[in-house]
Amino acid sequence: MHVGLASGFAHQRGKGYDDARFVREEVENLVLAEELGFDSVWITEHHFSDYSMSNDPLQLLTWIAAKTRHVKLGTQCIIVPWHNPVRLAEKIINLDILSGGRAILGFGGGLAQHEFSGLGIDQNKSRELYTDILEAVIPALESGVIEGEGAYGTIPRRELHPGPIKSFEGRKFCGSLSGNSMYTAAKLGCGNMILMLPQRGKDVPPDKYTEVWKEVNGPDSSPPPPMLGGNYYIDESAEFAEEQGRKYLANTMRAAIRNYGLDTPGKFPHIKGYEHYEKMVLSPDQIEPYVEDFSRGAVTGTPQMILDRMWELKEIYQPQGFFPHVYYGGMPQEEARKNMHLFAEKVLPEIKSWQSEVDIDDRFLQAAE
């Protein structure tokens, strides 16, 4: 079983904590992940707020590639509508070349209006941009030739130099899949990244992606097994782990509500493809109860409790790997390092011994052939 380490670059430590120091510490943690035995590291993309202070995952991962030798390098996620297709393909290829073929691709669609407007992107075109850009980029990463016409404009046929060094088959995923994005992901052969886990005891959301995959690719076909994310807090005291895990996940959700404008009614009805998000907007008196309930989604406990829950998740989803967040929500650096070390020492060896139906590391070997 493949086990990575994800970072949302979730600052939330206040304006008194230096941005540059925070980014250096986050990157240092991800470099350390290789030494601790994690199989991959994952970085998200966001702009203009302390909700997530990672504005260029491919650049950061290329730096990490120079400091490591074996750990795989994942994007969780590249927000597709924010990128020029040619530049995106070129940056992905550069990362793969300089890392020796260690890139794992995760793509997403974006939501926050202040990020779209700050980048000069019309959010009304987001859905079309997502599909059109991926339909240009994914084939280019296989063939080394890019061309297309879509919401981004017209790209005449061009060879990419440097070109790709090996196939990305089996190492490309899409996160937060819904609606048309599921059809795009299925058409392009992408696996599903399950970023938020169901709370223990609650119903697991239906697997709509498999239905769409079979519709697109045939009833006898199946999508690649998913990769599982989620937020974890580990401690020898179960009570302390639950208290801390819920506290920091609540911090992250409060920042998310602000970042995505879910505390401000009237923003979404006029944005094409995002109208349904208006139903998720919270009134002032609803925010804290929602945050409190959401915080229960943290997987917390002693090492054995973490293993027990991860086994349950393995049985539910049959994943090919995990990429947990073990620090988030403004967690101090020393506490983040404590969680990393304890997870690596007491949880990681057992999970890596589990069997998965498909092994993403085998797909890396196959792609190189």
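Scoring rules and cut-offs
- Residues numbered from 1 in each chain as written.
- Predicted model: local features only at pLDDT ≥ 70, side-chain atom pairs only at ≥ 80, totals over all residues.
- Heavy atoms only, no water.
- Helix = DSSP H or I, 4+ residues; strand = E, 2+ residues; numbered from the N terminus.
- Rg over C-alpha atoms; globule rule 2.2 N^0.38 Å.
- Buried < 20%, exposed > 50% of the residue type's maximum accessible area, 1.4 Å probe, protein only.
- Contact = heavy atoms within 4.5 Å.
- Areas by Shrake-Rupley, 256 points an atom, 1.4 Å probe, with all protein chains shown as cover.
- Lys, Arg positive; Asp, Glu negative; His and termini not counted.
- Charge placed at Lys NZ, Arg CZ, Asp CG, Glu CD.
- Salt bridge = Lys/Arg side-chain N within 4 Å of Asp/Glu carboxyl O.
- Phe/Tyr/Trp six-rings, centres within 6.5 Å; stacked < 30°, edge-to-face > 60°.
- 1 Å grid on protein atoms, 1.4 Å probe; cavity = no way out; pocket = protein on both sides within 12 Å on 5 of 7 lines; lining within 4 Å.
- Points joined across faces, edges and corners; volume = space filled by probe spheres on them.
- Nonpolar A, V, L, I, M, F, W, Y, C, P; charged D, E, K, R; others polar.
- Disulfide = S-S within 2.5 Å.
- Core = buried A, V, L, I, M, F, W, Y, C linked by side-chain atoms within 4.5 Å.

Student: Is there a simple way to explain the overall build of the protein chain in this structure?
Tutor: Secondary structure summary: the protein chain contains 13 helices and 13 strands in total. For 369 residues, the compact-globule formula gives about 21 Å, and the C-alpha radius of gyration of the protein chain, at 20 Å, lands near that figure. Burial analysis of the protein chain (369 residues in total) assigns 56% to the buried set. Relative to all contacts within the protein chain whose residues are 6 or more apart in sequence, the contacts with residues 24 or more apart total 75%. Of the roughly 16100 Å² that the protein chain leaves accessible, carbon and sulfur atoms contribute 51%. Taken together, the 37 basic and 52 acidic charged side chains of the protein chain have centroids lying 3 Å from each other.

Student: Please explain the pattern of salt bridges as it appears in this structure.
Tutor: Opposite charge on two side chains permits them to pair, given that their charged atoms come into close proximity. A full pass over the atoms with the stated rule returns 22 salt bridges. As a salt-bridge pair, arginine 157 and glutamate 147 come within 3.0 Å of each other at their nearest N and O atoms. Residue arginine 157 is found in strand S7 (residues 153–159), and its partner glutamate 147 is found in strand S6 (residues 145–150); the two are separated by 10 residues along the sequence. What makes arginine 157 exposed here is its relative accessible area of 54%. Connected through salt bridges with shared partners, the residues Lys202, Glu242, Arg246, Glu292, Asp293 and Arg296 form a single ionic network.

Student: How should the packing of aromatic side chains be read in this particular structure?
Tutor: For any pair of aromatic rings, the description consists of the separation of the ring centres together with the inter-plane angle of the planes. The final tally for this structure, using the stated rule, is 12 aromatic pairs. Where phenylalanine 116 meets tyrosine 274, the ring centres are 6.4 Å apart and the plane angle is 75°; that geometry is what we call edge-to-face. On the criterion of sequence distance, the pair formed by phenylalanine 116 in helix H4 (residues 113–118) and tyrosine 274 in the loop between helix H8 (238–259) and helix H9 (284–295) is long-range, its members being 158 residues apart. The burial state of phenylalanine 116 is the same as that of tyrosine 274; both residues are buried. Summarising the aromatic geometry, the rings of tyrosine 209 and tryptophan 213 are spaced 6.1 Å apart at their centres and angled 75° between planes, so their arrangement reads as edge-to-face. Of this pair, tyrosine 209 and tryptophan 213 both sit in helix H7 (residues 208–217), 4 residues apart, which is roughly one turn of the helix. Across the pair, tryptophan 213 and tyrosine 209 agree in class, each one buried. The rings of Trp82, Phe116, Phe268, Tyr274 and Tyr277 are connected pair by pair, giving a single aromatic cluster.

Student: Explanation requested: the layout of surface pockets in the structure shown.
Tutor: A probe matching the size of a water molecule, rolled over the atoms, marks out where space remains unfilled. By volume, the second largest pocket amounts to about 300 Å³. When residues of the lining of the second largest pocket are traced back to their parent elements, those giving at least two are H8, strand S12 (299–301) and helix H10 (303–317). In terms of residue count, the dominant contributor to the lining of the second largest pocket is H8 (3 residues). Split by residue class, the lining of the second largest pocket holds 5 nonpolar, 3 polar and 5 charged.

Student: What am I meant to see in the state of the cysteines here?
Tutor: A covalent bond between the sulfur atoms of two cysteines is referred to as a disulfide. Summed over all chains, the structure comprises 0 disulfides. A disulfide-free cysteine, cysteine 77 has its sulfur positioned 7.8 Å from the sulfur of cysteine 174, the nearest such atom. Overall, cysteine 77 belongs to the buried group, its relative accessible area being 5%. A disulfide-free cysteine, cysteine 190 has its sulfur positioned 3.8 Å from the sulfur of cysteine 174, the nearest such atom.

Student: I keep staring at unusual backbone geometry and nothing clicks. Help me out?
Tutor: Across the chain, the bulk of peptide bonds are trans and the bulk of non-glycine residues have phi less than zero. Here the residue pair glutamine 76 and cysteine 77 is connected by a cis peptide bond, since its omega of 0° sits within 30 degrees of zero. Residue placement: cysteine 77 occurs in the loop between strand S3 (72–75) and strand S4 (78–79). Cis rather than trans, the peptide bond between histidine 161 and proline 162 has omega equal to 0°. Here proline 162 shows up in the loop between S7 and strand S8 (172–175). Residues other than glycine seldom take positive phi values, yet phenylalanine 9 does so here, at roughly 50°.

Student: Help me out: how do you make sense of the nonpolar core in this one?
Tutor: Generally speaking, a soluble globular protein has its nonpolar side chains buried in company with each other. Ranked by internal contacts, the top residues of the largest apolar core, which has 106 residues, are Ile92, Phe343 and Ile351. Not counting residues within four places of it along the chain, the set of residues in contact with isoleucine 92 comprises Leu58, Ile78, Leu105, Phe107, Val137, Leu141 and Phe168. One finds Trp42, Cys77, Ile104 and Met193 within the second-largest nonpolar core, a separate group that totals 10 residues.

Student: Would you mind showing me how to read empty space enclosed by the protein here?
Tutor: In total, this model carries 1 cavity of 30 Å³ or more according to the counting rule given. The calculated volume of the largest cavity comes to roughly 60 Å³. Together, Ser7, Gly8, Phe9, Ala10, Arg13, Phe22, Glu26, Tyr327, Tyr328, Gly330 and Met331 line the largest cavity. Each residue belonging to the lining of the largest cavity can be placed in one class, and the counts come to 6 nonpolar, 3 polar and 2 charged.

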